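An overview of the molecular structure
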Amino acid sequence: MSLLLVASTNAGIGMQDGMAVLRSGGAAVDAVIAVIRRVEANPEDHSVGYGGLPNLIGEIELDASIMDGRTLATGAVAALQGHQDAIDLARIVMNELPHVLIAGSGAARLAGDSGFPRRNLLTSEAKAIWQSRIETSDNDAYGGKIRELARKLSRDPERPLDAHGTVNVIARDRAGDIASGVSTSGWAWKYPGRVGDSPIIGAGNYADNRWGAAACTGRGEIAQRCCTAHSVVTFMRFGYSLHDALRLAACDLHGLDDAYRGEVNIIGVDRTGQHAAASTVAGKTYIVMTGAMQEVAEHEREFVPAPV
Ligand code: ASP
């Protein structure tokens, strides 16, 4: 079977690591984690792991999930503080606990119990970005700040606050098995404890060998409301092509009433190993690497406009 990695553009830093896993005969799950681990350690990426942007009170809270398309086994962590290794911890939830999702202080406890080092995830650069926006908001209670943020976002939909970003990766290994993973520091300035789509299986991430896989970035609240990743896979199950499944899922998102009007971007792979990606906004890209390629290739996502 041909080896494949499909990912959000910011995964570029880890793609060679993931392909090395696949080329050595490793499993898709391990390749996904190898890619994401590098992104989580990258201080220049302010949307994932170390160097991510914090919530409203200046704390970084990470969300991540991994799904194995062979078995539908999955693990996830949400609102993890003080540890950068969110995707590795998600795998521990999948492999070692009788649970799917561990959140908050329980996730931090599990990280400590599992031997992951504590780390202050807030870099000075991320703090400066966070502060510059907080200082321009009303010096009010958290609720007031969120309302202020909401007004900013809905008043200027063409140039929304650059508060989001996430890494997601789908891999297909030599055996033809697929896996998908997502990791994020979530929506910057989010209300403390807010959990996005990334660790919610079916919303931001889904993989099933029999039909394919999908993963989302962007406004998690609407991907949660539509169960977007699962929808894409289910549409393929019902006979839609990957392209049509992505289009249908994007149209579902457009159909929601959402004052914040954030974009959603979806990557997908079907059971034959074809890849594609879509976005509810124009001009977005994703990256791909096959076993035959030495470098990553960047592709345009199909723009799915709101139906008129
Ligand atoms: N989907 C992520 C979340 O809602 C953020 C993003 O991808 O931009 O937390």
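What comes next is a walk through the structure. Just so it is clear, the model here is predicted, and its values are computed rather than measured.

Turning our attention to the overall build of the protein. Secondary structure summary: the protein contains nine helices and 13 strands in total. Across the 308 residues that make up the protein, the buried fraction comes to 56%. Sequence separation of at least 24 residues holds for 67% of the intrachain contacts in the protein that already meet a minimum separation of 6. Working note: accessible area of the protein is about 12900 Å², and carbon and sulfur atoms make up 49% of it.

This brings us to the pairing of strand E11 (residues 285–290). Direction of pairing for strand E1 (residues 4–8) relative to E11: antiparallel, over a ladder of five bridges. Each bridged residue has a counterpart across the sheet, and for Ser 8 the counterpart in E11 is Tyr 286. Bridge count for E11 against strand E12 (residues 297–300) is four bridges, and the pairing is antiparallel. Among the inter-strand pairings, Thr 285 is bridged to a residue of E12, identified as Glu 300. Hairpin connection between E11 and E12: a loop of six residues separates the two successive antiparallel strands.

What follows covers the pattern of salt bridges. Considering all chains together, one arrives at 12 salt bridges under this definition. Here Arg 247 and Asp 244 are joined by a salt bridge, their closest N and O atoms 2.6 Å apart. Placement of both Arg 247 and Asp 244 in helix H9 (residues 242–254) is noted, with a separation of three residues, approximately one turn of the helix. Its relative accessible area of 34% is what places Asp 244 among the partly exposed residues. Several salt bridges converge on common partners, so that one network encompasses Asp 30, Arg 37, Asp 88 and Arg 91.

With that settled, consider the packing of helix H8 (residues 228–237) against H9. Following both chains from N to C, one finds H8 and H9 inclined at 140°, their axes separated by 8 Å at the closest point. As far as their axial angle goes, H9 and H8 are oblique. Once H8 is placed against H9, the crossing between them reads as right-handed. Contacts between H8 and H9 involve Thr 228, Val 232, Phe 235 and Met 236 from the former and Leu 242, Ala 245, Leu 246, Leu 248, Ala 249, Asp 252 and Leu 253 from the latter. Here the residues of the contact of H8 with H9 are counted per class, giving nine nonpolar, one polar and one charged.

Looking now at the environment of Pro 117. By secondary structure assignment, the location of Pro 117 is in the loop between helix H4 (104–113) and helix H5 (124–135). Residues Pro 117 and Gln 84, spaced 33 residues apart in sequence, show a C-alpha to C-alpha distance of 8.4 Å. With residues near it in sequence (within four places) discarded, Pro 117 still touches Gly 82, His 83 and Asp 85.

Attention shifts here to the sheet that holds strand E4 (residues 101–103). Strand-to-strand pairing in sheets goes through backbone hydrogen bonds, with the strands running parallel or antiparallel. Overall, mixed pairing links the eight strands, which are arranged E4-E3-E2-E6-E5-E1-E11-E12 in an open sheet. In the strand order of this sheet, the two ends are held by E4 and E12, each with one partner. Ignoring strand direction, the axes of neighbouring strands in this sheet form an average angle of 15°. Summarising the sheet, strand E3 (residues 73–80) and E4 pair through three bridges and their orientation is parallel. If you follow Ala 78 over to E4, its bridge partner there is Ala 103. Running at roughly 30° to E11, helix H1 (residues 15–23) makes contact with E1, strand E5 (167–172) and E11 of the sheet.

For the ligand, the full set of nearby residues is His 164, Gly 165, Thr 166, Gly 186, Trp 187, Arg 194, Gly 196, Asp 197, Ser 198, Thr 217, Gly 218 and Gly 220. A distance of 2.6 Å separates an oxygen atom of the ligand from a polar atom in the backbone of Gly 165. Taking Arg 194, its side chain carries an N or O atom lying 2.7 Å from an oxygen atom of the ligand. About the coverage of the ligand: the protein hides 99% of its 270 Å² of free accessible area.

What follows covers the pairing of strand E6 (residues 178–184). Within E6, seven of the seven residues are buried, leaving the element largely enclosed by the surrounding structure. Alternating residues of E6 divide into Ile 178, Ser 180, Val 182 and Thr 184 and Ala 179, Gly 181 and Ser 183, and every residue in both groups is buried. Relative to E6, strand E2 (residues 62–68) runs antiparallel, the two sharing six bridges. Bridge pairing in E6 links Asp 68 to Ala 179. As paired strands, E5 and E6 are joined by six bridges and run antiparallel to one another. Bridge assignment links Ile 170 to a residue of E6, and that residue is Ser 180. The turn joining E5 and E6, which pair antiparallel and follow one another in sequence, is formed by five residues; a positive phi near 85° is taken by Gly 176.

Strands sit in the order E7-E8-E9-E10-E13 across an open sheet of five strands; the sheet is mixed. In this open sheet, the two strands that pair with only one neighbour each are strand E7 (205–208) and strand E13 (302–303). Across five bridges, the pairing between strand E9 (residues 264–270) and strand E10 (residues 275–279) is antiparallel. Residue pairing for E10: Val 269 is matched across the bridge by His 275. Running at roughly 150° to strand E8 (residues 212–218), H8 makes contact with E7, E8 and E9 of the sheet. Strands in contact with H9 are E9, E10 and E13; relative to E9, the strand with the most contacts, it is inclined by about 155°.

What counts, and where the lines are drawn
- Residues numbered from 1 in each chain as written.
- Predicted model: local features only at pLDDT ≥ 70, side-chain atom pairs only at ≥ 80, totals over all residues.
- Heavy atoms only, no water.
- Helix = DSSP H or I, 4+ residues; strand = E, 2+ residues; numbered from the N terminus.
- Buried < 20%, exposed > 50% of the residue type's maximum accessible area, 1.4 Å probe, protein only.
- Contact = heavy atoms within 4.5 Å.
- Areas by Shrake-Rupley, 256 points an atom, 1.4 Å probe, with all protein chains shown as cover.
- Pairing = 2+ DSSP bridges.
- Salt bridge = Lys/Arg side-chain N within 4 Å of Asp/Glu carboxyl O.
- Axes fitted to C-alpha atoms, helices over the stretch in contact; angles between N-to-C directions.
- Parallel < 35°, antiparallel > 145°, perpendicular 65-115°, else oblique.
- Left-handed = near helix turned anticlockwise from the far one by under 90°.
- Nonpolar A, V, L, I, M, F, W, Y, C, P; charged D, E, K, R; others polar.
- Near = heavy atom within 4 Å.
- Polar contact = N/O pair within 3.5 Å; in protein donor to acceptor, adjacent residues only side chain to side chain.

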